4 protein chains.
Amino acid sequence: MSSQKGFAAIAARLEGQAIELPSWAFGNSGTRFKVFATAGTPRSVEEKIADAATVHRFTGLAPTVALHIPWDKVDDYAALSAYAQDHGVRLGTINSNTFQDDDYKFGALTHVDAKVRQKAIDHHFECIDVMGATGSRDLKIWLAEGSNYPGQADLRGRQDRLGESLSTIYDRLGDDQRLVLEYKFFEPAFYHTDVPDWGTAYAQVAALGDRAVVCLDTGHHAPGTNIEFIVMQLLRLGKLGSFDFNSRFYADDDLIVGAADPFQLFRILFEVMRGGGYGPESDVAFMLDQCHNVEEKIPGQIRSVLNVQEMTARALLVDTDALHAAQDAGDVLGAHQVFMDAFYTDVRADLAGWREEHGLPADPMRAYAESGYQAEIEASRVGGTQLSWN
Amino acid sequence: MSSQKGFAAIAARLEGQAIELPSWAFGNSGTRFKVFATAGTPRSVEEKIADAATVHRFTGLAPTVALHIPWDKVDDYAALSAYAQDHGVRLGTINSNTFQDDDYKFGALTHVDAKVRQKAIDHHFECIDVMGATGSRDLKIWLAEGSNYPGQADLRGRQDRLGESLSTIYDRLGDDQRLVLEYKFFEPAFYHTDVPDWGTAYAQVAALGDRAVVCLDTGHHAPGTNIEFIVMQLLRLGKLGSFDFNSRFYADDDLIVGAADPFQLFRILFEVMRGGGYGPESDVAFMLDQCHNVEEKIPGQIRSVLNVQEMTARALLVDTDALHAAQDAGDVLGAHQVFMDAFYTDVRADLAGWREEHGLPADPMRAYAESGYQAEIEASRVGGTQLSWN
Amino acid sequence: MSSQKGFAAIAARLEGQAIELPSWAFGNSGTRFKVFATAGTPRSVEEKIADAATVHRFTGLAPTVALHIPWDKVDDYAALSAYAQDHGVRLGTINSNTFQDDDYKFGALTHVDAKVRQKAIDHHFECIDVMGATGSRDLKIWLAEGSNYPGQADLRGRQDRLGESLSTIYDRLGDDQRLVLEYKFFEPAFYHTDVPDWGTAYAQVAALGDRAVVCLDTGHHAPGTNIEFIVMQLLRLGKLGSFDFNSRFYADDDLIVGAADPFQLFRILFEVMRGGGYGPESDVAFMLDQCHNVEEKIPGQIRSVLNVQEMTARALLVDTDALHAAQDAGDVLGAHQVFMDAFYTDVRADLAGWREEHGLPADPMRAYAESGYQAEIEASRVGGTQLSWN
Amino acid sequence: MSSQKGFAAIAARLEGQAIELPSWAFGNSGTRFKVFATAGTPRSVEEKIADAATVHRFTGLAPTVALHIPWDKVDDYAALSAYAQDHGVRLGTINSNTFQDDDYKFGALTHVDAKVRQKAIDHHFECIDVMGATGSRDLKIWLAEGSNYPGQADLRGRQDRLGESLSTIYDRLGDDQRLVLEYKFFEPAFYHTDVPDWGTAYAQVAALGDRAVVCLDTGHHAPGTNIEFIVMQLLRLGKLGSFDFNSRFYADDDLIVGAADPFQLFRILFEVMRGGGYGPESDVAFMLDQCHNVEEKIPGQIRSVLNVQEMTARALLVDTDALHAAQDAGDVLGAHQVFMDAFYTDVRADLAGWREEHGLPADPMRAYAESGYQAEIEASRVGGTQLSWN
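A quick note: this is a predicted structure, and the numbers were derived from the prediction, not measured.

## Here's the deal with the interface of chain C and chain B
Contacts between the two partners involve 51 residues from chain C and, on the opposite side, 51 residues from chain B. Each partner contributes to the roughly 4,200 Å² buried at the junction of chain C and chain B, and carbon and sulfur atoms together form 61% of this total. Contact with chain B buries surface across chain C, with C:Arg156, C:Phe229 and C:Arg236 losing the most and accounting together for 16% of the total. Joining chain C to chain B, the criterion identifies 4 salt bridges. Among the salt bridges present, the one from B:Asp154 reaches C:Arg274, with a minimum N-O distance of 2.7 Å. Run the count over chain C and chain B and you get 20 residue pairs in polar contact (both at pLDDT 80 or more). Residue assignment for the side of chain C that touches chain B shows that the elements contributing at least two residues are α4 (155–172), β7 (192–193), α5 (198–208), α6 (227–236), α7 (262–274), α9 (320–328) and α10 (332–344) of chain C.

## Thoughts on the packing of aromatic side chains
Summed over all chains, the structure comprises 112 aromatic pairs over all chains. When the ring of C:Tyr250 is compared with that of D:Phe186, the centres are 4.6 Å apart and the planes differ by 5 degrees; the resulting orientation is stacked. You can see C:Tyr250 sitting in the loop between β9 (240–245) and α7 and its partner D:Phe186 sitting in the loop between β6 (178–182) and β7 (192–193), one on each of two chains. With relative accessibility at 10%, the residue D:Phe186 sits in the buried group. Geometry around A:Phe125 places A:Arg172 over its ring, the cationic atom sitting 3.9 Å from the centre. When the ring centre of D:Phe263 is taken as reference, the NZ or CZ atom of D:Arg267 above it lies at 4.8 Å.

## Overview of the pattern of salt bridges
In this structure the tally under the stated criterion is 109 salt bridges over all chains. The partner of A:Asp252 in a salt bridge is B:Arg32, with the nearest N and O atoms 2.9 Å apart. You can see A:Asp252 sitting in the loop between β9 (240–245) and α7 (262–274) and its partner B:Arg32 sitting in the loop between β1 (21–22) and α1 (45–59), one on each of two chains. By relative accessible area, which is 9% here, A:Asp252 ends up buried. In this structure, D:Glu47 engages D:Arg381 in a salt bridge whose closest nitrogen and oxygen atoms are separated by 3.6 Å. Note that D:Glu47 is positioned in helix α1 (residues 45–59) and D:Arg381 in the segment after α13 (373–380), a separation of 334 residues in sequence.

Rules and cut-offs
Residues numbered from 1 in each chain as written. Chains lettered and ligands numbered in written order. Predicted model: local features only at pLDDT ≥ 70, side-chain atom pairs only at ≥ 80, totals over all residues. Heavy atoms only, no water. Contact = heavy atoms within 4.5 Å. Buried area = accessible area lost by both parts, 1.4 Å probe. Salt bridge = Lys/Arg side-chain N within 4 Å of Asp/Glu carboxyl O. Polar contact = N/O pair within 3.5 Å; in protein donor to acceptor, adjacent residues only side chain to side chain. Helix = DSSP H or I, 4+ residues; strand = E, 2+ residues; numbered from the N terminus. Phe/Tyr/Trp six-rings, centres within 6.5 Å; stacked < 30°, edge-to-face > 60°. Buried < 20%, exposed > 50% of the residue type's maximum accessible area, 1.4 Å probe, protein only. Lys NZ or Arg CZ within 6 Å of the ring centre and 35° of its normal.

Here you go:
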């Protein structure tokens, strides 16, 4: 315990931490069995942005909002940008969607039919146009493509076509824009997925060029996968573009980050720092991608960014000199203890003080609950259609 | 190979095999991301029954249809029964539904609020009334109940309340009726599920009485679980009530039975026979519970019942005398080979002949494709609302 | 955070906590690929007991030592008991071993050959004799029995024979003795295991009688299994006999308890308390079952019992009134936060103080390192054969 | 079924199929709990080669034997080569071993200490010398390196050192020699493994050069992993060097290939052909890597190569024209059926005929059992020390 750094030594490194919020987290979500609605859920993109801005106002941690096209499609992105800025946030990553159109039943960028592939490519061109209008850096592509039955699809042909489609999209990007490819173990396809693992995502983006990188969603791995190892490897290879944070017990559960396995989050963040993926000089983007199926959405997002901040502080507290000394000496228990000492350090009071110093509420969860915002949106957002994944 | 029985020796045991079809398999289904619609999908319970009857007409394997309340709620169950019989099938198991009402967000039979529990109990009373009207034997209860976050719920209190609720429902059953409790590893809850494993289902039904049994859904287990062992154990304990057949590569994928791991289906069916769960003297019900997300529904169901029949034939072919001799002798490779010889025997031509002897098409998949039924329903079922899980 | 109890409120409940140490943890262990030896490893049962007593002397948490027969077989158990008491500890659970004799290649209590079964039963009778001599309460049975290939064994016949064998052993127990049956998902058998899950262990011990209970080894489950749920269920059914604590990332890794997923250990201990499995009035035994393949053994055991104590303190800190209020109100995030607040509370300084009040070193890891014990045994234990699993 | 090719159409493609046998499969093996010995087990490298040659004599499928250094270290490799050729087989892949020396407790090629790394590199130089003497093409490296506890090791530093060590070894290879890097999910390390997945193996060998490729062991993946997808991807990237075939239900069970999931083996072999990894023009090596813990070793290996051959024949039977037509038409069930039709075709009688045409016994299992070889080695191999992993 004596090896522990104090909070003061790491406070400065918390400055400027930013976690991007997904606009869709403020809409309703659920399972294939049921989507439970909640009062106050946004009916428009603007209401989603207002909610996201609220999370930022109470935490200081969430200055940008990711959009999903076409869910967040508007006529005037400049106006939407201005709306966001008026609320204290900016528009961030643009997420494409090739999984909700009937034409994409058997694939989009991988489809056997060149016309369907072109339609999906054109959709990404449209997303790039939106990026131009919003000033977004990242085009994030999650491919919900695959097959359900052995024999249904030609795995190799699809992979080759994927490479061609991505190349066409990549070529359209501006010099300051990135293509971020997300992998996922399974779902919605149940036999094969076209980008199922980090290795495939890496091989695909490596073939594209420097501005193509990988998105690591923490819920998108096979059971037992050592995720911090992948973080290390992608950073080492220069290809870690961004995180989609969430947590899970089983599959892609999309629970609040840090809720299922806090220690895993600690290990991931430690490896991010080890590999240079944290701080102002890093291009690695932190984002949330979660579903608040049964809990309230805005406090759910507040809780999430606080969890990331809290675990970041703990990871910063690791006495790396003592750690490396123990590692080099083959002192298994000593090294493990240095590591655990940081994890077990209670940083909550220090962070409350840090927030007050920064003009933020010491306890954002409580401050939000007492703010009246929730009651206000429940009262005012009456009529219209609540948004979910649409 | 010489140890193999011939098909003639087992053909008689295929007589009377029956696999119940779920009405909902004929409606649209999908993932939380997208439900793809298909032309010809039923708009009414009657159309679902007509499709199920079609599967039976082409295969002779599916004489009954399971209903789901309220999805299949009608005013006049006697009329529905008559409709089914006119089409050559009967109504079977009644499935309750306590996962789509807003009141059930935090539980139904396990809810902390006695009023919600009573509502869920009353729903099961209604299902029992339907059973009376349809002549159904089995009330199948799948509890989509649980919690998403550690601390959210009192696991023990919920388990106790579950016992009380089930007891109340059980007491309402007639002497010839059964309560069939289904377990599931996870989904839609992502931290804890109230009946997550066969052990819990067994403990709950053992506390109720002789007419309470367990439903084993082949897709509802943790990765790597030896399912045929559970089949053995539940039969040994006298508590295997029924199967929900499907297959999976990852989670509860609900793919066509036998499509993901044919050898697993073989092992399961072998253990069913070993434990006396097959044949006219057994009460074990065979049912399908699948989702045809990307494939055609009626041929998907035809393929499924054929897979069960085909694998049943292979399992019947095991030379059990030779098997037991090798097992008793500690001849690992010998016993394994006797087992595999049956699995690898191609029974398809023999089954085609068997079908023709029974006045059925030799190749039901082709016969259906050539029958014009699909074109007919696609042409006639225009307008109205296609059914999915509603 | 304000909802948190203080340490003072729970300190009294830490009195008397006892975690039994396995004698074999002090011998060498490893994988099928290599067992690394370490200097100072015991060459006799007495040296193992001396090491276990050392763990207790530095922590006050480990007053008993479990024996494994035949690994710890001696001529005079009364003398061994006296030896232990001279060193400040007592002999505890007796573990049988039916997995290292050539006769048991295809089973022991489940074997097809009655002579082999009788040999295995006789071994358990011998263990019961040892229990009489040592005053042990518990006979713990882990069945390393199963098969590697489908068809190799008759699952049902083995299960029936297992029931008979256990019944014969159970009948031999004294009125104050218990049979504790341990389940395990897989290994050393790779197709089927005869007691693979808690449901099987429960069904078997329920058939025996009140003094037959289940041992839950935290590393013996399928990936993703909610272990605290099983804790709850076994306590509810009155059949949780004991814990074998360890931790794992993959399979039965046998790592230090709390090292892989500290939050899981917290949840397990919380559920133990919820169900009445903790404290002087409970019969649930806490034991370690670990392998220190690469780390030092004595500090490995010290670290382990400290982890259990530390997490016990955190679990005791849960404000159960606030928790239940939030649970009953359907306040998902509120209930989760009450739960997490306890987990995140740093109890290490309070526990150091508590230890000093009890005449123990504030930092047992450091105190052991500075004690010279390790250097002493490394110097003195020269020659002879280091013990491993023999 | 009518779409099926006949056996005659594919028989020619079975010519020359070769599956390399591992010398160590003929020694005793087991789990960390027990290694069961069997009568007739080899006491020398020569006896292992004689057994391997016996497998080839009965099957015509196993013309080469892989060696493991130092297990198979001899003074005169030319003499060993001649011995093998006298018995009708050749020496094949050389496997290095950096997991059984005490110096390698915390790593070998990744160790923090340059001296230990150099020792491990020198061992590989020695292996390359052996390759020169035996005429072997492939140096196979399985790294049993990793750590057991979070914090124990610096993941990134180890990965960088691994790259350097491999580069040094690679530079020593001759122009016709290959470095084949094997990945493994876990074991013997239980927290992190330095080459845990195909992505890491790929990134490492891609950095080395054209003659560095990946070995895919079919038992070395996370639960649920789609292995045939990885086969497709590595072939597409030009980096699939070889297979270690075996099968598993749980972890790295090392069971007989095809025994646990025959359909998976079929899918893998189909994808091998799809990607050009089968036949005389391909450099992909087929090898076994299995443990016969409870079954007889020589018939275990015979069974294994027959399983590979049998499933190869089935995979060749796929009507690829019909398959691609159905795939392109989006005919899910049709494509799946074409695929399954080949899998379900019973090729055993045809293969028996094919063997007789090639001067081989129709039923190699029976022929071996009747040959007297087993009785002969059991009688003659008396005294000496049976080999296991030493």
